[in-house]
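Structural overview for review
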Amino acid sequence: MKFFWDGVPMEENTFPGNVACQGCGAALAMRLAMKALGTNTVVTIPACCWTIISGEFPYNSLNVPLWHTAFETTAIMAAGIKAGLTMKGHKDTLVMGWAGDGGTFDIGIQALSGAAERNEDILYVCYDNEAYMNTGIQRSSATPEGAWTTTTPVRHPEDKPKKNIEEILAAHRVPYVATANIAYPEDFVRKFKKARDIKGTRFIHIFAPCPPGWKMSSELSIKSARAAVESKVFPLYEIENGEKFTINYWPKGIPVRDYLKMQGRFRHLTDERIEEIQKFVEETWEKLVRKHELTHGTTENIPRGGEIFYK
Amino acid sequence: MGKKMVLTGNHSVSYGALLSRVEVISAYPITPQTQIVELLSEFVADKILNAIFVNVESEHSAMSACIGASAAGARAFTATSAQGLALMHEMLHWAAGARLPIVMANVNRAMAPPWSVWTDQNDSLAQRDTGWMQIYCESNQEVLDTVIQAYKVSEQVLLPTMLVLDAFVLSHTAEPVEVYDQELVDEYLPPYEAKYRLEPGKPQAFGSLADARTYFEFRYKMQKAMEKAVGLIEKEGELFGEMFGRKYGLVEEFMMDDADYILVTSGTITSTAKVVVRELQKEGEKVGLLKMRVLRPFPFETVRKALGDRKKVAVIDRNISFGHHGVFYQEIKSALYPLEKRPQVFGYIPGLGGRDVTPQDIRDMYFDMKKREKVEEIIWKGVKL
């Protein structure tokens, strides 16, 4: 029996005893990220669930220095820290900004765009639980179409598709953009290690299920994360230098319905609406496949079925 | 010692930052500040200054970058004005709350709307309660000198400093300024060794959630640091005088011996008023001038000692706290209140939005105060309706 996944270090750089909810995708995401990055890292976190998860004063659940910052400042705070560390002789220390979807897609996008355009030497990570969960489940521009939140009630659920944050970053021609998912730890850790060793602005978008916010029981975190990939709702891919698209895994293509039905936030959806979402997901996937093909000249090299990933 | 250069107020700031060996500069352009950081970016590009210059997409980010850099232990600098300062507001609290010795120059510019690029003090005074020290400068030499002193004090009390200069009257006006030898400045201002900083290998968290059991004490300590800064600003201002030949205090008392009537000023109105006070004394008037240099921390004892025994005080405010009075007026009045014997204090408001405040205006204000029997809290000077 294999206790640890291929390529995922034994080293733990997050401590037990943090105050995440049961089944928190964001907590597991940080655990995996810190395994990959190691301790020559400084982390900055804006207002988000991780403000709380990391521990109340005077605690720190990370085995690295942590700087709490204001909601909209993650990217520039990371860049400022990087500048300060560089002047103080810590040129090789990685600075990671770690923000939620609200802090990234909404309030922090100006600073993120600025940092990305200047290609600041930072790793920016968005752990996406698809709404403002820390304030109690309000919609963000990362909330998927059809979802219930406390500000998109079932009588008027979210009616806009999720913002395509990867392509927004890619349009800045940053060296590295990737999606990652807690249900695929090998791929997750590989991407963080890869990002760690690249210079310039690196952006990783993590799919991080939130049991309380998604109205599902906590043991469904990994299952729902896996279903998001397998249904093509959240494909695993990378964009290098703004133009080289690589899909890391060809999903099994389970019905989107199977993903949606796990979660109370989609319970109100009619069959018709689910069909529309299915269509949207497939169209989006097809476009992504075309971009992979444009880069690689083929789609044959996308690993299909099973546990193999294109590296 | 040093060399004389003809510098604008803006470039005096740049040279002050250069001599202070700032390590990270982050800024966003805004009139009338822009020249400060333009020159600094040239110093960095030409390797005259060993620093990283972070061009950002907003003032909010400029202050954030300074915070990050300072958190890592670097000496950080920025400059702004008016709307830019207002946009930074949230991060001004962050810088002070995180106890970071950042120094910023704010070129006093009136707030919009309507648009104005000319001087008044409402921008900086609106940030009065953020936990930043505030020093109002009168001349370009004072501007340069204050940048250096600001780091010296800030790094001891771990609070940021905003030095303030008037738009155009100082920012774009050239004066002879002594630019000191670097060695001497280095002697006065040693490199910043941050006691608490983000240090790889030390897994400390900064700024974590502090509930009602701990938050209170953070704020108490900030106030104590401010109180400590009062004495330090004086001490460092005196040491500066010994080393560089120009002594600075919390306030400046100008021709105040035996004066019954005092004009209280800040910024460049001070220089104009000094001319008037000199003339008036020649004419036999018992008038003097108190220049408010440091607004935060407020120099209570110094002000009480300077004003307590006078007959009348006219506070000249190039600002207005809407629904209240001029801000310096409020501050002076509240400082004097605990005294048993105190002067009558009159509040004058001239020059908003950069309208010129002439020697004649100051003369008028003086004689107006002298003849009044009853205290008037807002006396508008020069409103045309």
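Keep in mind it's a predicted model, so treat the numbers as computed, not measured.

**Side note on the sheet that holds strand E8 (residues 244-247) of chain A**
Sheet architecture is open: nine strands sit in the order E8(A)-E7(A)-E5(A)-E6(A)-E4(A)-E3(A)-E1(A)-E2(A)-E9(B), paired in mixed fashion. In this open sheet, the two strands that pair with only one neighbour each are E8 of chain A together with strand E9 (205-206) of chain B. Summarising the sheet, strand E1 (residues 41-45) of chain A and strand E2 (residues 66-68) of chain A pair through three bridges and their orientation is parallel. Bridging from a neighbouring strand, A:Thr44 pairs with A:Trp67 of E2(A).

**Some remarks on the layout of surface pockets**
Space inside the largest pocket adds up to approximately 1,300 Å³. Lining the largest pocket are 43 residues, and of these B:Gly97, B:Ala98, B:Arg99, B:Gly207 and B:Phe218 sit closest to its centre. Per-element tally for the lining of the largest pocket: the top contributor is helix H8 (residues 215-244) of chain B, with eight residues. When grouped by side-chain class, the residues that make up the lining of the largest pocket number 23 nonpolar, 12 polar and eight charged. Here the second largest pocket is characterised by a volume of approximately 720 Å³. Breaking the lining of the second largest pocket down by element, the ones donating at least two residues are helix H6 (165-170), strand E6 (202-207), helix H10 (256-260) and helix H11 (271-296) of chain A. A total of nine residues in the lining of the second largest pocket trace back to one element, the largest contributor, which is H11(A). Partitioning the lining of the second largest pocket into residue classes produces 17 nonpolar, four polar and 10 charged.

**Quick look at the packing of aromatic side chains**
In total, this model carries 24 aromatic pairs over all chains according to the counting rule given. Each ring, one from B:Tyr261 and one from B:Tyr366, has its centre 6.0 Å from the other, and the planes form 80°; the classification is edge-to-face. With B:Tyr261 in strand E11 (residues 261-265) and B:Tyr366 in helix H12 (residues 359-371), the pair connects residues that are 105 residues apart, well separated along the chain. In this structure, B:Tyr261 and B:Tyr366 share a single accessibility class: buried. An aromatic cluster of at least three residues, connected via ring pairs, comprises A:Phe207, A:Trp214, A:Phe234, A:Tyr259 and A:Phe266. The residue whose ring lies beneath B:Arg75 is B:Tyr151, and the NZ or CZ to ring-centre distance is 5.5 Å.

**Quick notes on a nonpolar patch on the surface**
Taken together, the side chains of A:Val19, A:Ile52 and B:Leu209 define a hydrophobic patch exposed on the protein surface, amounting to about 230 Å² of accessible area. Counting through the fold element by element, A:Val19 comes out in the segment before helix H1 (25-37).

**A word on unusual backbone geometry**
Residue B:Thr31 is joined to B:Pro32 through a cis peptide bond whose omega torsion reads 0°. Along the chain, the position of B:Pro32 falls in the loop between strand E2 (24-27) and helix H2 (35-45). With an omega of -10°, the peptide bond running from B:Ala112 to B:Pro113 counts as cis. In this fold, B:Pro113 is placed in the loop between strand E5 (103-108) and helix H5 (122-125). A positive phi angle is found at A:Glu130, which is not glycine, with a value near 70°. Secondary-structure assignment places A:Glu130 in the loop between strand E4 (123-128) and H6.

**Concerning the sheet that holds E2(B)**
Residues and elements named next belong to chain B. Judged by pairing direction, the sheet is mixed, and its seven strands sit side by side in the order E3-E2-E4-E5-E7-E6-E13 without closing on themselves. At either end of the open sheet lies a strand with only one pairing partner, and these are strand E3 (52-55) and strand E13 (294-296). For this sheet the average axis-to-axis angle between neighbouring strands, irrespective of direction, equals 20°. Pairing analysis gives four bridges linking E2 to E3, with the strands arranged parallel.

**Quick look at H11(A)**
Each full turn of the α-helix corresponds to 3.6 residues, which orients residues three or four apart in the same direction. Residue and element names in this part refer to chain A. For H11, spanning 26 residues, the distance from its first C-alpha to its last is 37 Å, which sits close to the expected 38 Å at 1.5 Å a residue. Turning to H11, its buried residues number three or more, namely Ile-274, Ile-277, Gln-278, Val-281, Trp-285, Leu-288, Val-289 and His-292. Count one or two residues on from H11 and you reach Gly-297, which has phi positive near 75°.

**Topic: the interface of chain A and chain B**
Taken together, the 37 residues of chain A in the interface contact 45 residues of chain B. Looking at the side of chain A facing chain B, the largest losses of area belong to A:Phe57, A:Trp67 and A:Met87, adding up to 22% of the total buried there. There are three salt bridges connecting chain A and chain B. Across the salt bridge formed by B:Glu57 and A:Arg118, the nearest N and O atoms sit 3.1 Å from each other. Connecting chain A to chain B are 13 residue pairs in polar contact (both at pLDDT 80 or more). Looking at the side of chain A that touches chain B, the elements with two or more residues in it are E2, helix H3 (74-87) and helix H5 (109-117) of chain A. By residue number, the principal contributor to the side of chain A that touches chain B is H3(A), which donates nine residues. Grouping the amino acids of the side of chain A that touches chain B by side-chain chemistry returns 17 nonpolar, 15 polar and five charged. Pairing geometry for E2(A) and E9(B), over two bridges, is parallel. The residue bridging A:Trp67 from the neighbouring strand is B:Phe206, located in E9(B).

**Side note on H12(B)**
Spanning 13 residues, H12(B) covers 19 Å between terminal C-alpha atoms, matching the ideal 18 Å at 1.5 Å per step. Along its buried surface, H12(B) packs onto E11, helix H9 (269-282), strand E12 (287-292), strand E14 (312-316), strand E15 (344-350) and strand E16 (379-381) of chain B.

**What about the domain arrangement of chain B?**
Residues and elements named next belong to chain B. Parsing chain B into structural domains produces domain 1 (3-244) and domain 2 (251-381). Just the C-alpha atoms count here: the centres of domain 1 and domain 2 sit 27 Å apart. Across the boundary between the two partners, domain 1 contributes 27 residues, which contact 28 residues of domain 2. Summed over both sides, the interface between domain 1 and domain 2 buries roughly 2,200 Å², with carbon and sulfur atoms accounting for 51% of that surface. Its largest share of buried area at the contact with domain 2, domain 1 owes to Gln-121, Arg-128 and Glu-138, together 29% of the area lost on that side. One can count five salt bridges joining domain 1 with domain 2. The shortest N-O distance in the salt bridge between Lys-291 and Glu-142 comes to 2.7 Å. The tally of links between domain 1 and domain 2 comes to 18 residue pairs in polar contact (both at pLDDT 80 or more). Within the side of domain 1 that touches domain 2, the residues separate by chemical class into 14 nonpolar, seven polar and six charged.

The rules we used
Residues numbered from 1 in each chain as written. Chains lettered and ligands numbered in written order. Predicted model: local features only at pLDDT ≥ 70, side-chain atom pairs only at ≥ 80, totals over all residues. Heavy atoms only, no water. Pairing = 2+ DSSP bridges. Helix = DSSP H or I, 4+ residues; strand = E, 2+ residues; numbered from the N terminus. 1 Å grid on protein atoms, 1.4 Å probe; cavity = no way out; pocket = protein on both sides within 12 Å on 5 of 7 lines; lining within 4 Å. Points joined across faces, edges and corners; volume = space filled by probe spheres on them. Nonpolar A, V, L, I, M, F, W, Y, C, P; charged D, E, K, R; others polar. Phe/Tyr/Trp six-rings, centres within 6.5 Å; stacked < 30°, edge-to-face > 60°. Buried < 20%, exposed > 50% of the residue type's maximum accessible area, 1.4 Å probe, protein only. Lys NZ or Arg CZ within 6 Å of the ring centre and 35° of its normal. Patch = residues over 30% accessible without salt bridge, like charges linked within 9 Å, V, L, I, M, F, W, Y side chains within 5 Å. Areas by Shrake-Rupley, 256 points an atom, 1.4 Å probe, with all protein chains shown as cover. Salt bridge = Lys/Arg side-chain N within 4 Å of Asp/Glu carboxyl O. Axes fitted to C-alpha atoms, helices over the stretch in contact; angles between N-to-C directions. Expected span 1.5 Å × (residues − 1). Contact = heavy atoms within 4.5 Å. Buried area = accessible area lost by both parts, 1.4 Å probe. Polar contact = N/O pair within 3.5 Å; in protein donor to acceptor, adjacent residues only side chain to side chain. Domains from an automatic or database assignment.

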